[in-house]
Number of protein chains: 2
Amino acid sequence: MIGNNVALVLVDFQKAFEEPSWGEFSTPKAVFKASELLHYFRDQGGLVIHIQHTRTDPVSLFYKGSLTHSFMEPVLPVEDEMIIQKDVNSSFIGTNLESVLKEHGVLEVIIAGFTTQHCVSTTVRMSGNLGFKTTLVSDATSASAIAPYDAQTIHEVTLATLRDEFADIVTTEELLLRYR
Amino acid sequence: MIGNNVALVLVDFQKAFEEPSWGEFSTPKAVFKASELLHYFRDQGGLVIHIQHTRTDPVSLFYKGSLTHSFMEPVLPVEDEMIIQKDVNSSFIGTNLESVLKEHGVLEVIIAGFTTQHCVSTTVRMSGNLGFKTTLVSDATSASAIAPYDAQTIHEVTLATLRDEFADIVTTEELLLRYR
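Residues numbered from 1 in each chain as written. Chains lettered and ligands numbered in written order. Predicted model: local features only at pLDDT ≥ 70, side-chain atom pairs only at ≥ 80, totals over all residues.

Caption draft 1: Fine view of the interface of chain B and chain A. Across the contact, 21 residues belong to chain B and 21 residues belong to chain A. Elements that contribute at least two residues to the side of chain B that touches chain A include exactly α3 (116-129) and α4 (151-162) of chain B. The leading source of residues in the side of chain B that touches chain A is α3(B), at 7 residues. Per-class residue counts for the side of chain B that touches chain A are 9 nonpolar, 10 polar and 2 charged. (Contact = placed C-beta atoms within 7 Å. Helix = DSSP H or I, 4+ residues; strand = E, 2+ residues; numbered from the N terminus. Nonpolar A, V, L, I, M, F, W, Y, C, P; charged D, E, K, R; others polar.)

Caption draft 2: Representation of the packing of α3(B) against α4(B) in the model. Residue and element names in this part refer to chain B. Running from N to C, α3 and α4 cross one another at 15 degrees; their axes reach a closest spacing of 10 Å. Of the possible angle classes, the one that applies to α3 and α4 is roughly parallel. The crossing of α3 and α4 is right-handed. The segment α3 lies against α4, with T116, Q117, S121 and V124 engaging I154, H155, T158 and L162. (Axes fitted to C-alpha atoms, helices over the stretch in contact; angles between N-to-C directions. Parallel < 35°, antiparallel > 145°, perpendicular 65-115°, else oblique. Left-handed = near helix turned anticlockwise from the far one by under 90°.)

Caption draft 3: Focus on the relation of the copies chain B and chain A. When chain B is fitted to chain A, the residual RMSD is 0.0 Å, and the transformation amounts to a turn of 180 degrees plus an axial shift of 0.0 Å. Here the copies are linked by what is in effect a two-fold axis. Same-surface contact between copies: 100% of interface residues of chain B are shared with the interface of chain A. (Least-squares fit on C-alpha atoms with pLDDT ≥ 70 in both.)

Caption draft 4: Layout of the sheet that holds strand β2 (residues 47-53) of chain B. All names here are of chain B. Strand order in the open sheet made by the 6 strands is β3-β2-β1-β4-β5-β6, with parallel pairing throughout. Strand pairing shows two members of the sheet lacking a second neighbour, β3 (82-86) and β6 (168-170), which therefore form its edges. Strand-to-strand, the axes of this sheet are offset by a mean angle of 25 degrees, without reference to chain direction. Two elements, strand β5 (residues 133-137) and β6, share 3 bridges in a ladder whose sense is parallel. If you follow L136 over to β6, its bridge partner there is I169. Contacting β1 (6-11), β2, β4 (108-113) and β5, helix α1 (residues 30-44) runs over the sheet at an angle of about 150 degrees to β1. (Pairing = 2+ DSSP bridges.)

Caption draft 5: View of unusual backbone geometry. With omega at 5 degrees, the peptide bond leading from A147(A) into P148(A) counts as cis. Along the chain, the position of P148(A) falls in the loop between β5 (133-137) and α4 (151-162). A positive phi is found at D164(A), a non-glycine position, where the angle reads about 70 degrees. Located in the positive-phi region is D12(B), a residue other than glycine, with phi close to 60 degrees. Summarising the element assignment, D12(B) is placed in the loop between β1 and α1.

Shown next as structure tokens:
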């Protein structure tokens, strides 16, 4: 059972990240794992927040209203789910995410998304530092490569820098076992 | 010349990090590079802010008032320099750093300190996302190891995840050349 003090925060699961220009990702099946999490939270009536990276620059893949700005099919929000738009890496800066979580009495935040090293890492760090018990779901989170490092190295080293200091790091299976 | 819209933010240069329990660091001479930066800013009358990690737990190396809580000798604050205490990784959370920078008209923040992957990375990410032009000084910043990765790998991969997305990454020499 998911308590009503837990929220699932899905970061930037947008079609922009399906573009081939990104190159390889560490975790190509991340969106399907996120979909598992999402459906479990929905079934249990847990709080779900979809974070949507949103830019005003028409050439951005995240330009508001563009096809690539929209959510990936496996994690499409349903009618009553909350969508919070952001325009920087952190889901907590320039948004009402912190106040929404507090208004809902949330103590624990479960985070997954794109990319491990930029928006997810920044959101996890702030979530932990703001006092939320924070869990990052590693196989529902994906890194891109940054030369000379491949995507897997960026993913793994980023997780190492977050582990214990900011968040628990678990797989989708490990997370769901907590609640079953 | 340093403009009056630039601030130097030195993160956690405290004797705690001289303790052998940390193991190897990526950048053993970081504090001497930070001292160069500090003296240059002082000579030019630039704004300097010393961030001091401060815990209320008496067994912490960062316990307020303990020897290891105090600043390293080469970067000891002088009388009129600002000290801001924090108790989480981000220098911007639970502190007045953002408002102090804005009150001083700061547009550009130069950051160095301990550790690259935890407090420095988190502070750099928030500085960039809050809209400050942010520069991280790589050889005045030091990482510790996180098994199975050595300190150098943690340092270098962390810099790769910050570069361009959150901050310019420069050496002390490159930074000082900007102003000379």
